Amino acid sequence: QVQLVESGGGLVQTGGSLRLSCAASGRTVSNSAMGWFRQAPGKEREFVAAISSGGGVKFYGDSVKGRFTISRDNAKNTVYLQMNSLKPEDTAVYYCVGYRGSSASKNSPPNYWGQGTQVTVSS
């Protein structure tokens, strides 16, 4: 079973930056795609980003493209989400997700979910 634990959330001003981390454990985590979803109050969960097992292929949701960067350090079993130029509409609970396959896009259903970490962007 795969376990995902997010950290790095918090309160930030509009235009600021945060980096979320996701510590992954389980069998062959480094060979699987990883990603991030988010859910704002009153909204459905939204795809944010995904990264292939080797880090060479990345996908981003339209709302964050150009501002967020997903990366991973397989030696540390950790996936990151660097969030820049944050806006109040980025306020949400951010979830780390894992996939069984080696690559994933916005249409790929996640197989594993973390517990989420709150990101709040003040206006």
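Here the structure is a predicted model, which is why all the values come from computation and not from measurement.

A. The arrangement of the pairing of strand 8 (residues 78-83) in detail. Taking burial as the measure, the 6 residues of strand 8 include 5 buried ones, the bulk of the element. Where strand 3 (residues 18-25) and strand 8 come together, 6 bridges link them in antiparallel fashion. Note on strand 8: the bridge partner recorded for Leu 18 is Met 83. Here 6 bridges tie strand 7 (residues 68-73) to strand 8, and the two strands are oriented antiparallel to one another. Bridge pairing in strand 8 links Ser 71 to Tyr 80. Counting the residues between successive antiparallel strands, the hairpin from strand 7 to strand 8 contains 4 residues, one of them, Asn 77, with a positive phi of roughly 50 degrees.

B. Representation of empty space enclosed by the protein in the model. Throughout the structure, instances matching the rule amount to 2 cavities of 30 Å³ or more. One number sums up the size of the largest cavity: a volume of about 50 Å³. Forming the boundary of the largest cavity are Arg 38, Gln 39, Ala 40, Lys 43, Glu 44, Glu 46, Glu 89, Thr 91 and Ala 92. For the lining of the largest cavity, the residue count by class is 2 nonpolar, 2 polar and 5 charged.

C. Just the side chain of Thr 117, in detail. Within the secondary structure, Thr 117 is located in strand 11 (residues 117-122). For Thr 117, a relative accessible area of 11% gives the class buried. Of the polar contacts made by the side chain of Thr 117, one reaches the backbone nitrogen of Gly 9; its length is 3.4 Å. Those residues in contact with Thr 117, other than ones at most four positions away along the chain, are Glu 6, Ser 7, Gly 8, Gly 9, Leu 20, Ala 92, Val 93 and Tyr 94.

D. Structural view of the side chain of Thr 78. By the element assignment, Thr 78 lies in strand 8. A polar atom in the side chain of Thr 78 sits 2.9 Å from the backbone oxygen of Lys 76. When neighbours within four sequence positions are excluded, Thr 78 is seen to be in contact with Ser 21, Cys 22, Ala 23, Arg 72 and Asp 73.

E. Molecular detail of unusual backbone geometry. Although it is not a glycine, Asn 77 sits at a positive phi angle of roughly 50 degrees. As for its position among the elements, Asn 77 is in the loop between strand 7 and strand 8. Unusually for a residue other than glycine, Ser 85 sits at a positive phi of about 50 degrees. Considering the arrangement of structural elements, one finds Ser 85 in the loop between strand 8 and strand 9 (92-98).

F. The arrangement of the sheet that holds strand 3 in detail. Strand order in the open sheet formed by 4 strands is 1-3-8-7, and the pairing between neighbours is antiparallel. Both outer strands of the open sheet, strand 1 (3-7) and strand 7, are each paired with one neighbouring strand and no more. With direction set aside, neighbouring strand axes in the sheet form an average angle of 20 degrees.

The rules behind the values
- Residues numbered from 1 in each chain as written.
- Predicted model: local features only at pLDDT ≥ 70, side-chain atom pairs only at ≥ 80, totals over all residues.
- Heavy atoms only, no water.
- Buried < 20%, exposed > 50% of the residue type's maximum accessible area, 1.4 Å probe, protein only.
- Helix = DSSP H or I, 4+ residues; strand = E, 2+ residues; numbered from the N terminus.
- Pairing = 2+ DSSP bridges.
- 1 Å grid on protein atoms, 1.4 Å probe; cavity = no way out; pocket = protein on both sides within 12 Å on 5 of 7 lines; lining within 4 Å.
- Points joined across faces, edges and corners; volume = space filled by probe spheres on them.
- Nonpolar A, V, L, I, M, F, W, Y, C, P; charged D, E, K, R; others polar.
- Polar contact = N/O pair within 3.5 Å; in protein donor to acceptor, adjacent residues only side chain to side chain.
- Contact = heavy atoms within 4.5 Å.
- Axes fitted to C-alpha atoms, helices over the stretch in contact; angles between N-to-C directions.

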